[in-house]
Amino acid sequence: MHFAFDPRTELLRENLLDLMWSHIHPAEPVFAQQLGALDDRWAWDSVPVLGELRAESRRRGLWNLFLPGEEGAGLTNLQYAPLAEITGRSPELAPAALNCAAPDTGNMEVLSMFGTEAQRKEWLEPLLAGEIRSAFAMTEPDVASSDATNIATSIVRDGDEYVINGRKWWITGAMNPNAQVFIVMGRTDPEADRHRRQSMILVPRDTPGLEIRRAMEVFGYDDHDHGGHAELVFDDVRVPAANLIGREGDGFAIAQARLGPGRVHHCMRAIGVAERAIEMMCARAEQRVAFGRPLARQGVIRDWIAESRVRIEQLRLLVLKTAWLMDTVGNKGAHAEIQAIKIATPRTVQWILDKAIQIHGAGGLSQDFPLARAYAGIRSLRFADGPDEVHKNALARAELSRRAAAGDCRPAGADPSQPLPTTARSHP
Ligand SMILES: Cc1cc2nc3c(=O)[nH]c(=O)nc-3n(C[C@H](O)[C@H](O)[C@H](O)COP(=O)(O)OP(=O)(O)OC[C@H]3O[C@@H](n4cnc5c(N)ncnc54)[C@H](O)[C@@H]3O)c2cc1C
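Below or above, wherever it landed, is the structure these notes cover. (Residues numbered from 1 in each chain as written. Predicted model: local features only at pLDDT ≥ 70, side-chain atom pairs only at ≥ 80, totals over all residues. Heavy atoms only, no water.)

1. Side note on helix α6 (residues 117-128)
What counts, and what does not: Burial here depends on accessible area, computed with a 1.4 Å probe over protein chains only, as a share of the maximum for the residue type. Under 20% is buried, over 50% is exposed, and the range in between is partly exposed. In this description a helix means any DSSP run of H or I spanning at least four residues, a strand means any run of E spanning at least two, and both kinds are numbered starting from the N terminus. Here, residues are in contact when the closest pair of their heavy atoms is within 4.5 Å.
Listing the buried residues of α6 in full gives Gln119, Trp123, Leu124, Pro126, Leu127 and Leu128. Looking at the buried positions of α6, the neighbouring elements they touch are α5 (104-114), β1 (133-137), β4 (179-187), β5 (198-204) and β8 (244-245). At the exit of α6 stands Gly130, carrying a positive phi of roughly 75 degrees.

As structure tokens, then:
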């Protein structure tokens, strides 16, 4: 086992870090100012400075790094993970500048893996070129959507078309007028086996019957610099049957396939957020003086700084191990670790952001520092792609069944040198 990045990753890291310091960080205030001047505040990807950053990323070969295979940069999960971490240092700008921002990344993966030739030509190509954006519409206000088998929007075949009826909410990016296509999950066969009821279908934004009703807010932020999170209504929306992705009943399996790499991307970006918070924490603690000495000389503050470092190093190792497992044994083989990082990352980064805010005093809560906004974003990750409790439930189930499969039903502390009782060994 060795912990160094390979030469290709090192070169890309160097190139990306240079782009961050020379172009992306200086563009952050410009982006905020130009975004504020837009006629349509949701059209964030039309901000001029973002166009310039995108051109520079392409020129440097830092484009579509997330996508394996010939269509993308051909990186493994382990090669891309440290690059995603770097982009997390500027979460509003860097992922989009590299055409590596969610939810487009997951949608491009779906089209790349499951799309037909025609679907890839119509939607994947402009997405890969950064010309359009997209959204992924699964969650519904009327059912507990952490259980994807509950999804109830109906998708009914009618001749050469499918007719869609239902309501969705929290659909990230959908307020942006340039999000021209939605991947919609709905129910094609209510009578089928639980995991074969749903399908996924492509719905162009301008399809009659599709209403973009309103934007949801996260702790009062409307996230317009990400295209918001929309509520959508589908009222007899008709699309050609050829818009179905895969076959009827494949929806649940496609949703599972979409989530693996996306979780590593989210987690590594969140680690980038935490690294920036630790830097801000240290800088503020050194400079701010209370009760006669810098905050950095107070034991409790030093404890937070040290704890932050320990926690983030532990977390990064777990996420990188997960990326490595996905590359070596596949997403299915890495399932338990993917769930573990989804649980561990938001809570660890949330803890670090909380301490960074505390060190900044009331200023930490304000618009003058990026910490409060980052806190809201990381807190929302404990829901996006499934709540913590669902992942813990599945992880515990896997742990218990692994123990049972190994026939190891000894009570904790039992002497492992003694043979197991026959009944325990034959336990299923
Ligand atoms: C910022 C943000 C962006 C999002 N973007 C998208 C998007 O682009 N597309 C999309 O489709 N969705 C999106 N979502 C929605 C997100 O995926 C859902 O909120 C999530 O899957 C949970 O579904 P729910 O809100 O219906 O919660 P519910 O399913 O109603 O669950 C509520 C609570 O019940 C508890 N619970 C549920 N199951 C269990 C269990 N087995 N054991 C113990 N407790 C349990 C949990 O505490 C859970 O939080 C986004 C959400 C946020 C916050």
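2. A closer look at the nonpolar core
Note the following rule: By nonpolar core we mean a set of buried residues, namely Ala, Val, Leu, Ile, Met, Phe, Trp, Tyr and Cys, connected to one another through side-chain atoms within 4.5 Å.
Counting 89 residues, the largest nonpolar core has Ile24, Leu65, Leu98 and Val349 as the members making the most contacts within it. Looking at this core element by element, the count peaks at 15 residues for helix α7 (residues 251-287). Excluding residues within four positions of it along the chain, Ile24 makes contact with Leu19, Leu53, Ser90, Leu93, Ala94, Ala97 and Leu98. Within the second largest apolar cluster, 22 residues are counted, among which are Met175, Val184, Ala230 and Val239.

3. Some words on the packing of aromatic side chains
Two measures describe an aromatic ring pair: the distance that separates the ring centres and the angle between the ring planes. Our working definition: Pairing of aromatic rings covers Phe, Tyr and Trp, the last counted by its six-membered ring, and requires centre-to-centre distances within 6.5 Å; plane angles under 30 degrees mean stacked, over 60 mean edge-to-face, and any other angle means tilted. Geometrically, a lysine NZ or arginine CZ counts as sitting over a ring once it is within 6 Å of the ring centre and also within 35 degrees of the ring normal.
In this structure the tally under the stated criterion is 0 aromatic pairs. Stacked on the ring of Trp42, the Lys or Arg Arg41 has its end atom at 5.6 Å from the ring centre.

4. Points about helix α3 (residues 77-87)
Here α3 lies mainly inside the structure; 10 of its 11 residues are buried. Among all positions of α3, only Asn77, Gln79, Tyr80, Ala81, Pro82, Leu83, Ala84, Glu85, Ile86 and Thr87 are buried. For α3, the secondary structure elements touched by its buried residues are α1 (7-36), α4 (94-97), α7 and α8 (299-333).

5. Section: the pairing of β5
Applicable threshold: Two strands pair under a simple rule: DSSP has to find at least two bridges between them.
In terms of burial, β5 is largely enclosed, as 7 of its 7 residues are buried. Alternating positions in β5 separate into two faces, Gln198, Met200, Leu202 and Pro204 on one and Ser199, Ile201 and Val203 on the other, with burial throughout. Of the strand pairs in this sheet, β4 and β5 are connected by 7 bridges, and their pairing is antiparallel. Note on β5: the bridge partner recorded for Met185 is Met200. In this sheet, β8 lies alongside β5 in antiparallel orientation, the contact comprising 2 bridges. Among the inter-strand pairings, Ile201 is bridged to a residue of β8, identified as Leu244.

6. Quick look at the environment of Ala135
Take Ala135: it is sitting in strand β1. On the basis of relative accessibility, which here comes to 0%, the residue Ala135 falls in the buried class. Note: C-alpha distance between Ala135 and Asp327 (192 residues apart in sequence) is 27 Å.

7. Comments concerning the site of the ligand
Selection criterion: Put simply, a residue is near a molecule or strand once any heavy atom of it comes within 4 Å of that molecule or strand. Between N or O atoms, a polar contact is any pair within 3.5 Å; within protein, one atom must be a potential hydrogen donor and the other a potential acceptor, and residues adjacent in sequence are included only when both atoms are from side chains. Computed with the Shrake-Rupley method and a 1.4 Å probe, the accessible areas treat only the protein chains shown as cover for residues. Side-chain classes follow a simple rule in which Ala, Val, Leu, Ile, Met, Phe, Trp, Tyr, Cys and Pro form the nonpolar group, Asp, Glu, Lys and Arg form the charged group, and the remainder, Gly included, forms the polar group. Here the bounds of each domain stem from an automatic or database domain assignment.
The ligand sits among 20 residues. The nearest are Phe136, Thr139, Ser146, Trp170 and Thr172. Within the backbone of Ser145, one N or O atom sits 3.0 Å away from an oxygen atom of the ligand. Within the complex, 69% of the 990 Å² of free accessible area of the ligand lies under protein. Those elements that provide at least two residues to the shell around the ligand are β1, β3 (161-172) and α11 (388-405). Of the residues in the shell around the ligand, the class split is 10 nonpolar, 8 polar and 2 charged. Counting residues domain by domain, the shell around the ligand receives three or more from each of domain 2 (133-247) and domain 3 (252-406).

8. Quick look at the side chain of Gln79
Among the secondary structure elements, Gln79 is positioned in helix α3. There is a polar contact of 2.7 Å between the side chain of Gln79 and the side chain of Asp6. Aside from chain neighbours lying at most four places away, what touches Gln79 is Asp6, Arg8, Thr9 and Gly74.

These figures come from the coordinates and say nothing about function on their own.
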